[in-house]
Structures are given as C-alpha cells and as structure tokens.
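One letter stands for each residue in the lines below.
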Amino acid sequence: MATLNHSEDPETRGNLHPAPIHIGRNVWIGASATILSGVTIGDGAIVGAGSVVTRDVPENMIVTGVPARILRSVDTL
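Residues numbered from 1 in each chain as written. Predicted model: local features only at pLDDT ≥ 70, side-chain atom pairs only at ≥ 80, totals over all residues. Heavy atoms only, no water.

Visitor: What is the right way to look at the environment of isoleucine 41 in this model?
Guide: Locating isoleucine 41 in the fold gives a position in strand 6 (residues 40–41). Each C-alpha atom, one on isoleucine 41 and one on proline 58, is 6.5 Å from the other, the two residues being 17 residues apart in sequence. Filtering out sequence-adjacent residues up to four positions away, isoleucine 41 remains in contact with His22, Ile23, Gly24, Val27, Ile29, Ile35, Val47 and Val57. (Helix = DSSP H or I, 4+ residues; strand = E, 2+ residues; numbered from the N terminus. Contact = heavy atoms within 4.5 Å.)

Spelled out as structure tokens, the structure:
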C-alpha cells in the first residue's frame, strides 16, 4: 500500500503528497496487490493478486489487472 505520491514537476518532485487508503469491511486483497494513495475499496470487494489499484473500487466488485479494472460483481459468483 502506497500512501505517498510526489509532484510531477522536476522542480518540486521531492515534495510528497500523502493521501489515505480506505479499505471497507470484508475486503479480500490478493497477494502482491498494490493499492495507491487516495483509493477507497468498498465493502465486500475483492482485489486480484498482483493488481495495481489506481482508482476507487465499488462495493462487492472484483477487480484485477494492471491497472485494476472491474471484472464482475461478487454477486455473480
């Protein structure tokens, strides 16, 4: 989980921008997944192993890939 980001501008690249990561209840995060700063993972979501989560994950959704994309709803299991 990476809660820090940095400026893109070379002059200020050393400036760090912290942002929290919010993880809901009953969330499963697979091995070696990377969750970036500012992301919220909704209740009941599943993050596939090795995924890179760059955006919020809605509740009860399965995401996978680099970058992570919605695969399907947990309800369809």
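Visitor: Where do I start with the sheet that holds strand 10 (residues 69–73) in this structure?
Guide: Ordered in space as 4-7-9-10, the four strands form an open sheet in which the pairing is mixed. Unpaired on one side and paired on the other, strand 4 (28–29) and strand 10 mark the two borders of the sheet. Direction of pairing for strand 4 relative to strand 7 (residues 46–47): parallel, over a ladder of two bridges. Its bridge partner lying in strand 7, tryptophan 28 is registered against isoleucine 46. (Pairing = 2+ DSSP bridges.)

Visitor: What exactly am I supposed to notice about the nonpolar core here?
Guide: Considering soluble globular proteins, one finds that nonpolar side chains tend to be buried as a cluster. Counting 11 residues, the largest nonpolar core consists of Ile21, Ala33, Ile35, Val39, Ile41, Ala45, Val47, Val53, Val57, Val63 and Ala68. With residues near it in sequence (within four places) discarded, valine 47 still touches Trp28, Ile29, Gly30, Ala33, Ile35, Ile41, Val53 and Val63. (Core = buried A, V, L, I, M, F, W, Y, C linked by side-chain atoms within 4.5 Å. Buried < 20%, exposed > 50% of the residue type's maximum accessible area, 1.4 Å probe, protein only.)

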